[in-house]
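The residues making up each chain are set out below.
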Protein chains: 2
Amino acid sequence: MREVGIGIAGFGTVGGGVLSILRRHAGDIEARLGARIVVKRIALRDPLRARAVDVAPGLLTTRVDDLVEDPAIEVVVELMGGVEESFRLVSAALSRGQHVVTANKALLAARGDEIFRLARARSVDVYYEAAVCGGVPIIRTLRESLASDRINALTGIVNGTTNFILTAMAERGEAIGPVLAEAQRLGYAEADPTLDVSGGDAAQKLCVLAQLAFGARLRPAEVLTEGIMGLSPEDFRWAREFGYTLKLLAVARRCGPAADDPRGVDQIEARVHPAFIPEGSLLAGVRGAMNAVVLRSEALGASMLYGQGAGAMPTGSAVVSDIIDLTRNILAGSPGRVPLPPEEPLVSLRPHAEIRCAYYLHFSVKDEPGVLARIATTLAGRGISVAAVQQREPPEAGAPVPLVIVTHEAREADLVEAISEIGRHASTLRPTRLIRIESV
Amino acid sequence: MREVGIGIAGFGTVGGGVLSILRRHAGDIEARLGARIVVKRIALRDPLRARAVDVAPGLLTTRVDDLVEDPAIEVVVELMGGVEESFRLVSAALSRGQHVVTANKALLAARGDEIFRLARARSVDVYYEAAVCGGVPIIRTLRESLASDRINALTGIVNGTTNFILTAMAERGEAIGPVLAEAQRLGYAEADPTLDVSGGDAAQKLCVLAQLAFGARLRPAEVLTEGIMGLSPEDFRWAREFGYTLKLLAVARRCGPAADDPRGVDQIEARVHPAFIPEGSLLAGVRGAMNAVVLRSEALGASMLYGQGAGAMPTGSAVVSDIIDLTRNILAGSPGRVPLPPEEPLVSLRPHAEIRCAYYLHFSVKDEPGVLARIATTLAGRGISVAAVQQREPPEAGAPVPLVIVTHEAREADLVEAISEIGRHASTLRPTRLIRIESV
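Position labels on residues start from 1 in each chain and follow its written sequence. Just so you know, chain letters begin at A and ligand numbers begin at 1, following the order they were written in. Local features in this predicted model are restricted to residues whose pLDDT is 70 or higher, and side-chain atom pairs enter the listing and the counts only when it is 80 or higher, whereas totals over whole chains, interfaces and linings include all residues.

## Things to note about the overall build of chain A
1) Next: Here a strand is any run of E in DSSP of at least two residues, a helix any run of H or I of at least four, and the numbering for each starts at the N terminus. Looking only at helices and strands, chain A has 14 helices and 18 strands in total.
2) Next: Only C-alpha atoms enter the radius of gyration; for comparison, a globular chain is expected to reach 2.2 Å times N to the power 0.38, where N is the number of residues. For 440 residues, the compact-globule estimate of 2.2 N^0.38 gives 22 Å, and chain A sits close to it at 24 Å.
3) Next: When the backbone C-alpha atoms are referred to their principal axes, chain A occupies close to 85 × 55 × 35 Å.
4) Next: Burial is judged by counting the other C-beta atoms within 10 Å of a residue's own C-beta: 20 or more makes it buried, 12 or fewer makes it exposed, and any count in between marks it as partly exposed, with every C-beta position built from the backbone. Counting across all 440 residues of chain A, residues that qualify as buried make up 51%.
5) Next: Sequence-distant contacts, at least 24 apart, represent 75% of the contacts inside chain A between residues at least 6 apart. Residues are defined as contacting one another if the C-beta atoms placed from their backbone atoms lie within 7 Å.

Structure, rendered in structure tokens:
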């Protein structure tokens, strides 16, 4: 039976998952492929650390170059994480004509262009299903199923850590501090949770997805990114009041060319931020650490993919699917069968100032006549139209009064200016809180 | 540029969708494939009927054999529906070495075995994404993404017509008659809705899905099938009372080998029936004519695919994806790259009597002492354990009293016997209503 040799770089949680899936399903995989997938080498940092999965010591090496230099290895599986070292490995592998499977969204978001260029030049494949939303087959769907369709919007819950935290806050009414601490205790959040709670992880994933969905070429720093640390139990109470729930969304949306663009190149909005979404909506039903992506496309209309975004087995299963798919290409002699993202970007980024959204605005104002009128006038002066207002009794005499306004869709720049002007009103006692509203 | 010639048989709604998608995205498709997909011939019954899509008259023929006999046609796209004529076409095409795309679940459910055998013998491909759940990429996901995983359960809302009807009944409290009439008026239900409302359409789809998910070989008649015509507004009121909503589900579930099977071949349950599902669950959020399939697999855990199950564009888009995928195989010289369902079945069907489910039981009984005790005793005698009970005041003096019992999981045969015995109690005034409960 034909053998396809693979090398695995990085042997943490996901690496262990990959190895145990390959072992457990070896019979099935052989029957389906008519070939055997053989792990030839595993590169890891500390060969002495105890592991959940037993490995023959002879397979292990601390030199990743051993994978690249081994002519029996046709596929290099990069599970190291990080950008510098992993780029060195992946580019060396591609240059030698090895195919690559990677679960590394940071690498793709930062240096995807160079990687895809190398792969094209050597006619080898790069598969990366596990890089975004672990076990949710969103990469395959974007690369293959939708070849016949045109995507207009992509809205996702792509970070399990923050969704776990927001679900707990919504259901238990607690503040973010204790919930984050619990998430860390349960292993849903890292000791340093910054990348997740800042929205940075979601922004990296959005870059990878937007490239496939729209042919965009974005760096994470270009994505409008707001994290969840500023959210309070009060925001959740107000969300419920208006029939919403709060989620951290990654949104990319096609919005036509800029008015002054003679070439008529479509722009996309790209943003990651907490958002109010309607309580009955599908994404509102995505709880805990689960992930989901809603696509809106011309032929298909709305569709959604849902599943576990992280964990050894879901992510490992995505990596193994990629290995199998690549092996099929190798056996059929058809590498490059499914094209990589387009070399030249097909869309440009709409400036953040031009983003259009509905907003929830939470003012803290003096309890005196004329305050609402002044705020409403300022909003109207910028063309911002009010959809709903609620004013509460002050919690105690003399305390700031909460005044909540939900707007219709407005231009981000207009809204920012209006908020800044209202901030200068003598009756505004605290900074205004602003949360975007998505109808998904 | 290389051309791949296709022939389309059947030119109704979906055929029109396919043609307009191929035309509208011709540039994109060429750029992605490096080849041109050319429609060489369209076979249809009545060439004079007015159509939404313009076609050069020279392309049209009333002889489907023209597609098979044309050496320039490499892919035959079967959109005729029905079983006899479409089987004749598909088998003729495969025998001549043409690849086939079909949207015909009835054909696959009835004669899939023969079709796959022919395709294997000639080393050609059969693609059928559009046969189940239109634009939801469930076939591709089962064939490819999950090659590395083992599926334990598949639960779907796979019929848009019945989901439209049940959503309206749940939201408006109306009876099925007027809601069905409305669905017909709006084009969501056929003039003869039998195949949909009987669950027959869902059973056909379940056969196609279970073959890919479990390697099962089922005929629709073997699937335990109950339709929705017996559901009443009262069932929906009771569903809400217990925190459920009512959906028509297609369920296939792996349940281990039979106790007396020395070979230890796994069995699966296969059933289509209305079911109570928890109100907050993901499938409960699938409204109107939308479709969704939840998979539970070993590595991936729970995952869901959601989208439009029918309509010219969603279904057309699935057909075009298949055409593109097949064209990639043709260009790469890699037909048969993704294997067809296994030739020998890998599981057998668990007898319906052995199915295990929780049940909602609605008794109509005399308002007299001892009735509840007698029913509870009968259930207990068959090993059926009660999870919840509610008894209502009779609507008027002397009228039957509604007594509702929710059971824990029980064996279907035990339950049927208990119900039949309770039916013989003098205090039982009307036939007992029974609806299965799924926790999805």
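## A word on the packing of helix H13 (residues 371–381) of chain A against helix H14 (residues 412–424) of chain A
How two helices pack is summed up by the angle between their axes together with the distance between the axes.
All names here are of chain A.
1) Next: In contact at an axis separation of 9 Å, H13 and H14 are set at 150 degrees when each is read in the N-to-C sense. By the criterion of interaxial angle, the relationship of H13 to H14 is roughly antiparallel. Handedness of the H13/H14 crossing: right-handed. Residues Ile375, Thr378 and Leu379 of H13 lie in contact with H14, whose contacting residues are Ala418, Glu421 and Ile422. Structural elements are reduced to axes, namely lines fitted to C-alpha atoms, with helices fitted over the stretch in contact, and the angle between N-to-C directions of any two is expressed from 0 to 180 degrees. Angles are sorted into four bins: roughly parallel if under 35 degrees, roughly antiparallel if over 145, roughly perpendicular if 65 to 115, and oblique for all others. Crossings are assigned a handedness: left-handed for a near helix turned anticlockwise from the far helix by less than a right angle, right-handed for a clockwise turn.

## Comments concerning the sheet that holds strand S1 (residues 2–9) of chain B
The pairing of strands in a sheet happens through backbone hydrogen bonds and is either parallel or antiparallel.
All names here are of chain B.
1) Next: Strand pairing requires that DSSP identify at least two bridges connecting the strands. Spatial strand order, S3-S2-S1-S4-S5-S6: six strands in an open sheet with parallel pairing. What marks the edges here is a single partner per strand, and that holds for strand S3 (60–61) and strand S6 (126–127).
2) Next: Bridge analysis of strand S5 (residues 99–102) against S6 gives two bridges, and the strand direction is parallel. Each residue of the ladder has a partner; that of Val100, found in S6, is Val126.

## Examining the relation of the copies chain B and chain A
1) Next: Fitting of the copies onto one another was done by least squares over C-alpha atoms, counting residues only where both copies have pLDDT of at least 70. When chain B is fitted to chain A, the best match, at an RMSD of 0.1 Å, comes from turning it 180 degrees and sliding it 0.0 Å along the axis. Taken together, the rotation and translation relating the two chain copies correspond to the operation of a two-fold axis. Using C-alpha coordinates, one finds that chain B approaches the rotation axis most closely at Leu305 of chain B, a distance of 2.4 Å.
2) Next: The fraction of interface residues of chain B whose copies in chain A are also interface residues reaches 100%, indicating that both copies meet through the same surface.

## Side note on the domain arrangement of chain A
1) Next: Under the domain assignment, chain A is made up of domain 1 (2–134 + 312–332), domain 2 (141–308) and domain 3 (353–437).
2) Next: By convention here, the domain bounds are inherited from an automatic or database domain assignment. Averaged C-alpha coordinates put domain 1 of chain A and domain 3 of chain A at centres separated by 52 Å.

## Here we look at the interface of chain B and chain A
1) Next: With 41 residues of chain B at the interface, the matching set in chain A holds 41 residues.
2) Next: When residues of the side of chain B that touches chain A are traced back to their parent elements, those giving at least two are helix H6 (138–143), strand S12 (301–308) and helix H12 (312–332) of chain B.
3) Next: Among the elements that line the side of chain B that touches chain A, the one with the most residues is H12 of chain B, at ten residues.
4) Next: Note on residue classes: Ala, Val, Leu, Ile, Met, Phe, Trp, Tyr, Cys and Pro are nonpolar, Asp, Glu, Lys and Arg are charged, and everything else, Gly too, is polar. Per-class residue counts for the side of chain B that touches chain A are 18 nonpolar, 16 polar and seven charged.
5) Next: Across three bridges, the pairing between strand S12 (residues 301–308) of chain A and S12 of chain B is antiparallel. Paired with Tyr306 of chain A across the two strands is Met304 of chain B, which belongs to S12 of chain B.

## Here's the deal with the pairing of strand S11 (residues 290–297) of chain A
Residue and element names in this part refer to chain A.
1) Next: Among the eight residues of S11, seven are classified as buried, and the element is accordingly described as predominantly covered.
2) Next: Across six bridges, strand S7 (residues 151–157) lies against S11 in antiparallel orientation. Following the sheet pairing, Gly156 is matched in S11 by Val293.
3) Next: Taken together, the eight bridges between S11 and S12 define a ladder with antiparallel strand orientation. Residue pairing across strands places Val293 opposite Leu305, the latter belonging to S12.

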